[in-house]
Amino acid sequence: MKAVILAAGYGTRLQRDVSSDSSGRFAHLVGVPKPLVPVGQCPLITRWILALSRSGTVDGIYVVTNAVYQAAFEEWAAQFPGVRVLSDRTRSNEERLGAVACLQLAVKHFHIQDHVLVVGGDTLFKEDFSLAKVTEKVSQLQVRREDSCLVLSYQCRDEETQKYGILEVDDDLRVLCMKEKPRPSETESRRACPCFYVFSKRSLPLLDTFLEEKKDAPVEVKDAPGNFVSWLVLRKPVYVHEISGRFDVGNLQSYLECDLYFKEKLQDDKSYMI
């Protein structure tokens, strides 16, 4: 299995918050891409590299960024010989390809013909999350059907459904559909779906099909990887693995909450996410 970490975003909300803060406390975050912001004792993305490497989950790690942040990621990646960085060659948020197109770019550029674990570069999980458990679940699904895919879900509050993609599942935890930011009254489900997916190698050719179908759609349709998941569940079996929650670094407040957790509350740094 290979891992693709999506890190081509421009962090516009976080940078806007940092720039408007007059205290000077966050000057060190100016111009820093979200995956490289310090969380506890190391950059956010480093926690993924350490967990993926220590767990032996994957045999290749690829990071997709943009032309503006490429040098920063390459400098960071120099300490990890197994990590390769790819630029999508965009230079502004308006030019961005979108997450699905970035995933397709990595699959084609690195000639990936294996199952792919996809991670959002601005996301971390609570301590109950385990790559070993994910790998075990994927293996079980593959025995049943080789084209099976896996996504995560956690319970969100009623007022949060309009912030996330919400999964509806059957009794076997197979995804029936994903509703993008529905009102609480539009679904009984409270299963939020973070940006962490395991796509089977048999599902990868569908990236081309999806993007061809959506070629004239606004970039927002191609930017949110959940839109691909919504489309995929009608064509391939997609199952849920349940977790307790996540950290999503979107703005300064969410960054501070995440940073505080890893500085003061993380129980076991060495076994985290393994």
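Residues numbered from 1 in each chain as written. Predicted model: local features only at pLDDT ≥ 70, side-chain atom pairs only at ≥ 80, totals over all residues. Heavy atoms only, no water.

Per an unreviewed UniProt entry, the protein chain carries the name Nucleotidyl transferase domain-containing protein and comes from Ataeniobius toweri.

1. Observations concerning a positive patch on the surface
A surface patch of positive charge is lined by R13, R16, K163 and K181. Position of K163 among the secondary structure elements: in the loop between β8 (149-155) and β9 (165-169). (Patch = residues over 30% accessible without salt bridge, like charges linked within 9 Å, V, L, I, M, F, W, Y side chains within 5 Å. Areas by Shrake-Rupley, 256 points an atom, 1.4 Å probe, with all protein chains shown as cover. Salt bridge = Lys/Arg side-chain N within 4 Å of Asp/Glu carboxyl O. Lys, Arg positive; Asp, Glu negative; His and termini not counted. Charge placed at Lys NZ, Arg CZ, Asp CG, Glu CD. Helix = DSSP H or I, 4+ residues; strand = E, 2+ residues; numbered from the N terminus.)

2. A few points about the nonpolar core
Ranked by internal contacts, the top residues of the largest apolar core, which has 58 residues, are W48, W76, L124, F129 and F196. Of the residues forming this core, the biggest block, six residues, is contributed by helix α2 (residues 44-55). Not counting chain neighbours up to four residues away, the residues in contact with L124 comprise V39, L44, R47, W48, R246, F247, C258, F262, Y272 and M273. (Core = buried A, V, L, I, M, F, W, Y, C linked by side-chain atoms within 4.5 Å. Buried < 20%, exposed > 50% of the residue type's maximum accessible area, 1.4 Å probe, protein only. Contact = heavy atoms within 4.5 Å.)

3. Overview of the packing of helix α4 (residues 99-109) against helix α6 (residues 205-213)
Direction vectors running N to C along α4 and α6 enclose 140°, while the axes themselves pass 10 Å from each other. The pairing of α4 with α6 is recorded here as oblique in orientation. In this structure, the crossing between α4 and α6 has a hand that is left-handed. Residues V100, A101, L103, Q104, V107 and K108 of α4 lie in contact with α6, whose contacting residues are L207, D208, F210 and L211. (Axes fitted to C-alpha atoms, helices over the stretch in contact; angles between N-to-C directions. Parallel < 35°, antiparallel > 145°, perpendicular 65-115°, else oblique. Left-handed = near helix turned anticlockwise from the far one by under 90°.)

4. A look at the packing of aromatic side chains
By the definition in use, this model includes 20 aromatic pairs. Aromatic side chains W76 and F80 sit 5.4 Å apart centroid to centroid with 55° between the ring planes, which places their arrangement in the tilted category. Ring geometry for F210 against F228: centres 5.4 Å apart, planes inclined by 75°, an arrangement best described as edge-to-face. Here F228 lies in helix α8 (residues 225-232) and F210 lies in helix α6, a separation of 18 residues in the sequence. For F210, a relative accessible area of 1% puts it in the buried group. Take F228: its relative accessible area is 2%, and that puts it in the buried class. Here the aromatic cluster, defined as three or more aromatic residues joined through ring pairs, consists of Y197, F199, F210, F228 and W231. Over the aromatic face of F247 sits the side chain of K126, whose NZ or CZ is 5.5 Å from the ring centroid. Lying across the ring of W231, R235 places its NZ or CZ 3.8 Å from the centre. (Phe/Tyr/Trp six-rings, centres within 6.5 Å; stacked < 30°, edge-to-face > 60°. Lys NZ or Arg CZ within 6 Å of the ring centre and 35° of its normal.)

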